[in-house]
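Here's the letter readout for the chains.
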There are 2 protein chains.
Amino acid sequence: MFRRKIDISNPGKTAQKILIAARKTFARHGYSGTSVDEIARRAGVNKATLYYQIGDKDTLYANVIHQVLGNIAQSVAQAVATGKTPEEKLRAYILFVADAVDKNPELPPIMMREVASGGAHLPRVAAEDMASVLTVLLGILEEGKEKGVFNDVVPFLVHAMIIGSILIFKLGAPIKDSQIWLPEDLKARDKKLPGTLGEEVADMVLKAVKKYDR
Amino acid sequence: MFRRKIDISNPGKTAQKILIAARKTFARHGYSGTSVDEIARRAGVNKATLYYQIGDKDTLYANVIHQVLGNIAQSVAQAVATGKTPEEKLRAYILFVADAVDKNPELPPIMMREVASGGAHLPRVAAEDMASVLTVLLGILEEGKEKGVFNDVVPFLVHAMIIGSILIFKLGAPIKDSQIWLPEDLKARDKKLPGTLGEEVADMVLKAVKKYDR
DNA sequence: GCAAAATATTTAACTATATGGTTAAACCGA
DNA sequence: TCGGTTTAACCATATAGTTAAATATTTTGC
């Protein structure tokens with residue numbers, strides 16, 4: 001009677017195809033805007049195969065989001081460890097997040113919609129991934145404060161500033177640029193960032209967080 | 001043959017009920033997640049009335065988003081004018097945005113989902129609203145640079161930082177707090193902001209943007 | 001090594017419900 | 001009674017999810 005589902009943590013070829021198609025489709029159209037039929041079509045498999053391999057829409061979505069967030073959560077601590085001082089660690093953290101977003105272009109839209117809906121479809125395991133990333137940031141900010149190099153900032157606000165800057169810039173810039181009727185001075189200004197997005201955000205956040213004698 | 005639709009810019013009682021119900025529903029469930037039937041039910045009118053009064057789902061959505069963004073776009077310039085120096089103007093701008101978000105709680109989720117989907121359902125008129133808000137910010141940053149009080153920042157990145165911080169903090173904090181299993185130190189830290197969200201963001205952004213002799 | 005049985009995987013066809021949108025009739029105030 | 005407004009009933013399509021049969025693949029008996 002117990003029809004055990006396939007082990008998702010080590011997906012086979014078919015399951016992998018499905019997850020990739022699902023990731024792209026969820027990223028483009030969101031949870032509600034995505035139909036299971038469309039995912040199956042893009043994966044090139046029958047819908048029943050999709051249900052056999054992975055499960056219903058919720059399970060599919062949960063696996064997609066965890067697959068992408070889980071990797072990030074696992075490697076953030078290591079990336080931060082390359083820095084010695086709190087400043088270096090915070091910079092490494094921001095560069096890591098920006099790089100993760102670069103390498104996982106489906107993450108920003110999925111995360112933003114998840115935030116927008118109050119985590120309506122956010123599976124527990126994904127929330128745990130987020131929490132472990134946040135914990136790393138919390139550690140950096142606390143160390144910086146103890147050593148007297150950071151202001152007494154609100155950690156979650158710093159988090160919001162980092163993630164918010166990166167996500168809004170990444171996703172908002174293409175929208176702005178697609179509005180061909182916009183006054184030129186609004187568009188031309190930002191064509192090229194002086195550095196990478198991560199570096200720019202790191203510079204600004206560090207200025208906001210570091211303690212200076214003025 | 002031309003069945004002229006009702007004038008939306010000055011909605012009557014029934015139309016107003018529908019628009020309010022639509023705003024709440026779109027904010028909660030997003031464009032795709034919202035059914036016209038649900039809006040009609042929440043507005044307490046027949047679905048055909050909704051189509052008669054306003055039009056199809058797209059038109060309904062466009063009116064909702066413009067109704068809320070239009071007000072903001074119209075009053076931002078005036079709010080900023082209360083400041084004399086670029087610093088004061090930038091602070092006034094950020095406080096205004098934070099206040100607008102406070103007063104229009106449906107705006108953040110709608111905007112975030114719009115950004116996430118690349119402006120998929122964003123009507124031209126709403127994009128114009130956004131542009132006029134952005135133009136005000138651009139003016140402040142340029143004046144600050146000319147007067148030598150601001151660094152040579154990337155305007156759209158400053159925009160992303162302001163909007164991103166406010167939206168992510170506003171929407172992200174409740175999610176974080178709802179994860180009852182989270183380690184206490186992650187949650188307890190941020191319970192109370194020292195000031196309002198707008199003030200906190202303004203402090204941090206100004207530190208990031210202002211030019212100091214160091 | 002190999003046919004046959006057992007198991008794992010995929011598929012077309014199906015169901016029940018939800019959805020966006022329409023229609024023609026009923027309602028209602030001037 | 002006339003024009004604007006609202007309504008119940010309706011339609012075509014889309015959707016999440018299921019089923020039983022077909023097709024691969026693996027295991028077993030010899």
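Residues numbered from 1 in each chain as written. Chains lettered and ligands numbered in written order. Predicted model: local features only at pLDDT ≥ 70, side-chain atom pairs only at ≥ 80, totals over all residues. Heavy atoms only, no water.

This brings us to a positive patch on the surface. Residues and elements named next belong to chain A. On the surface, a cluster of positive charge is contributed by Lys-24, Arg-28, Arg-41 and Arg-42. For the positive patch, the elements supplying multiple residues, two or more each, are helix H1 (13-33) and helix H2 (36-43). Arg-41 sits in the exposed class, given a relative accessible area of 61%. (Patch = residues over 30% accessible without salt bridge, like charges linked within 9 Å, V, L, I, M, F, W, Y side chains within 5 Å. Areas by Shrake-Rupley, 256 points an atom, 1.4 Å probe, with all protein chains shown as cover. Salt bridge = Lys/Arg side-chain N within 4 Å of Asp/Glu carboxyl O. Lys, Arg positive; Asp, Glu negative; His and termini not counted. Charge placed at Lys NZ, Arg CZ, Asp CG, Glu CD. Helix = DSSP H or I, 4+ residues; strand = E, 2+ residues; numbered from the N terminus. Buried < 20%, exposed > 50% of the residue type's maximum accessible area, 1.4 Å probe, protein only.)

We now examine the packing of aromatic side chains. All names here are of chain A. Counted by the stated rule, this structure contains 8 aromatic pairs over all chains. With a centroid separation of 4.9 Å and 80 degrees between ring planes, the pair formed by Phe-26 and Tyr-61 is classed as edge-to-face. Of this pair, Phe-26 sits in helix H1 while Tyr-61 sits in helix H4 (residues 57-80), placing them 35 residues apart in sequence. Across the pair, exposure class does not vary: Phe-26 and Tyr-61 are buried alike. (Phe/Tyr/Trp six-rings, centres within 6.5 Å; stacked < 30°, edge-to-face > 60°.)

Another aspect to go through is the protein's contact with DNA strand D. The local shell around DNA strand D holds 16 residues, among which Val-36, Lys-47 and Lys-57 of chain A together with Thr-14 and Gln-53 of chain B are the closest. A distance of 2.9 Å separates a phosphate oxygen of DNA strand D from a polar side-chain atom of Lys-57 of chain A. Note that a phosphate oxygen of DNA strand D is positioned 3.0 Å from one of the side-chain N or O atoms of Tyr-52 of chain B. Every element with two or more residues in the surface near DNA strand D is listed here: H2 and helix H3 (47-53) of chain A together with helix H3 (47-53) of chain B. Residue contributions to the surface near DNA strand D peak at 4 residues, all from H3 of chain B. Taken together, the residues of the surface near DNA strand D break down into 6 nonpolar, 6 polar and 4 charged. (Near = heavy atom within 4 Å. Polar contact = N/O pair within 3.5 Å; in protein donor to acceptor, adjacent residues only side chain to side chain. Nonpolar A, V, L, I, M, F, W, Y, C, P; charged D, E, K, R; others polar.)

With 13 residues, helix H10 (residues 197-209) of chain B ought to run about 18 Å at 1.5 Å a step, and its terminal C-alpha atoms sit 18 Å apart, in line with that. Of all 13 residues in H10 of chain B, 10 are buried, a share of seventy percent or more. Residues of H10 of chain B that are buried include every one of Leu-197, Gly-198, Glu-200, Val-201, Ala-202, Met-204, Val-205, Leu-206, Ala-208 and Val-209 of chain B, and no others. In the core, the buried residues of H10 of chain B are packed alongside helix H8 (155-178) and helix H10 (197-209) of chain A together with helix H5 (86-103), helix H7 (124-146) and helix H8 (155-178) of chain B. (Expected span 1.5 Å × (residues − 1). Contact = heavy atoms within 4.5 Å.)

Opposite the 58 residues of chain B that make contact, chain A presents 59 residues. Counting each side, the surface lost to burial between chain B and chain A is near 5,300 Å², with a carbon and sulfur contribution of 76%. When the buried area of chain B at its contact with chain A is split by residue, Phe-156, Leu-157 and Met-204 of chain B rank highest and sum to 13% of it. Inspection of the region where chain B meets chain A yields 0 salt bridges. Inspection of the region where chain B meets chain A yields 0 residue pairs in polar contact (both at pLDDT 80 or more). Looking at the side of chain B that touches chain A, the elements with two or more residues in it are helix H1 (13-33), helix H6 (107-116), H7, H8, helix H9 (184-188) and H10 of chain B. The element that contributes the greatest number of residues to the side of chain B that touches chain A is H8 of chain B, accounting for 16 residues. Partitioning the side of chain B that touches chain A into residue classes produces 35 nonpolar, 11 polar and 12 charged. (Buried area = accessible area lost by both parts, 1.4 Å probe.)

So, about the protein's contact with DNA strand C. Lining the immediate environment of DNA strand C, one finds 17 residues, of which Thr-14 and Gln-53 of chain A together with Val-36, Lys-47 and Tyr-51 of chain B sit closest. Within 4 Å of the protein, the contacting atoms of DNA strand C are 57% sugar and phosphate, with bases supplying the remainder. Within the side chain of Asn-46 of chain A, an N or O atom sits 3.0 Å from a base nitrogen of DNA strand C. Those elements giving two or more residues to the surface near DNA strand C turn out to be H3 of chain A together with helix H2 (36-43) and H3 of chain B. Looking at side-chain class alone, the surface near DNA strand C contains 7 nonpolar, 6 polar and 4 charged residues.

Before going further, it helps to spend a moment on the relation of the copies chain B and chain A. Least-squares fitting of chain B to chain A yields an RMSD of 0.0 Å, with the superposition described by an axial translation of 0.0 Å and a rotation of 180 degrees. Look at the turn and shift together and you get a two-fold axis relating the two. Distance from the rotation axis, computed per C-alpha, reaches its smallest value in chain B at Gly-164 of chain B: 1.8 Å. When the interface residues of chain B are mapped onto chain A, 100% of them again fall at the interface, so both copies present the same face. (Least-squares fit on C-alpha atoms with pLDDT ≥ 70 in both.)

Another aspect to go through is the side chain of Glu-143 of chain A. Inspection of the secondary structure assignment puts Glu-143 of chain A in helix H7 (residues 124-146). Setting aside its immediate chain neighbours within four residues, Glu-143 of chain A contacts Lys-84, Pro-86 and Lys-89 of chain A.

All names here are of chain A. As far as domains go, chain A holds domain 1 (8-55) and domain 2 (70-209). Between domain 1 and domain 2, the C-alpha centre-to-centre distance is 28 Å. Contact residues are listed per partner, giving 8 residues for domain 1 and 5 residues for domain 2. Carbon and sulfur atoms supply 64% of the area buried between domain 1 and domain 2, which totals about 520 Å² over both sides. In terms of surface lost to domain 2, no three residues of domain 1 exceed Arg-23, Ala-27 and Tyr-31, which account for 68% of the buried area on that side. Here domain 1 is connected to domain 2 by 1 salt bridge. Across the pair Arg-23 and Glu-106 runs a salt bridge whose closest N-O atoms are separated by 3.6 Å. Inspection of the domain 1/domain 2 interface yields 1 residue pair in polar contact (both at pLDDT 80 or more). (Domains from an automatic or database assignment.)

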